[in-house]
Amino acid sequence: MQNPGDALTQYARAASVGGLWTRLNARNMKNGLPMLLPFGRGTAVQMAADADYVGDCKLSIWNARWYFSDNILFASFLLPAAWVWAMNKVPK
C-alpha cells in the first residue's frame, strides 16, 4: 500500500514548474527540436519502447501534450484579467 505522503510528493513533483520544464524539453527532444535552454538536460528518464514515458508517468492521449495541472499557467493571468474586466462592467 502506498503511503499518502508518497502520493503527495509524486503530485508535487509532477505539478511543479520544474516538472513542466522537463516535460516540455522531453517533448521537444522527441520531435527533434533543440532544448530551450542549456540547463536541464538529461532530466527526462528514457523508459522501454513499448510506451512513451516522461519521468515515471506514462503518456496517453489525454496527457500527451498538456497536463490538466498545467492550466495554472493560464489561470494565473486570465482569472485576474477577467476579474478586472467584470469589475469595470459594474455600474458606479
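Reading guide: rules and limits
- Residues numbered from 1 in each chain as written.
- Predicted model: local features only at pLDDT ≥ 70, side-chain atom pairs only at ≥ 80, totals over all residues.
- Heavy atoms only, no water.
- Helix = DSSP H or I, 4+ residues; strand = E, 2+ residues; numbered from the N terminus.
- Buried < 20%, exposed > 50% of the residue type's maximum accessible area, 1.4 Å probe, protein only.
- Contact = heavy atoms within 4.5 Å.
- Expected span 1.5 Å × (residues − 1).
- pLDDT = per-residue confidence, 0-100.

(A) Here's a closer look at the overall build of the chain. A count of helices and strands for the chain gives three helices and two strands. For the chain, the succession of helices and strands along the chain, N to C, is α-α-β-β-α. Every one of the 92 residues in the chain was classed for burial, and the buried ones make up 15%. Within the chain, contacts between residues separated by at least 24 positions form 32% of all contacts whose residues are at least 6 apart in sequence.

(B) The environment of Tyr11, seen in detail. If you trace the backbone, Tyr11 turns up in helix H1 (residues 4–14). For Tyr11, a relative accessible area of 52% gives the class exposed. Tyr11 sits 58 residues away from Ser69 along the chain, and the two C-alpha atoms are 9.7 Å apart.

(C) How the structure looks around the environment of Ser69. Considering the arrangement of structural elements, one finds Ser69 in the loop between strand E2 (57–58) and helix H3 (72–89). Here Ser69 falls in the partly exposed class, since its relative accessible area comes to 24%. Sequence separation of Ser69 and Leu20 is 49 residues, and the distance between their C-alpha atoms is 9.5 Å. Those residues within four positions of Ser69 in sequence are excluded, and the remaining contacts are Tyr11 and Ala15.

(D) Local environment of H3. Here H3 is 18 residues long and its end C-alpha atoms lie 25 Å apart, about the 26 Å a rise of 1.5 Å per residue gives. Where burial is concerned, little of H3 is hidden: zero out of the 18 residues are buried.

(E) The arrangement of the environment of Arg27 in detail. Tracing the backbone shows Arg27 in helix H2 (residues 17–30). When the C-alpha atoms of Arg27 and Arg65 are compared, they prove to be 8.3 Å apart, with 38 residues separating the residues in sequence.

(F) Focus on the confidence of the model for the chain. Per-chain confidence: the chain averages 75 in pLDDT, with 75% of residues scoring 70 or above. Mean pLDDT across the secondary structure elements of the chain bottoms out at strand E1 (residues 53–54), with 73, and peaks at H3, with 92.

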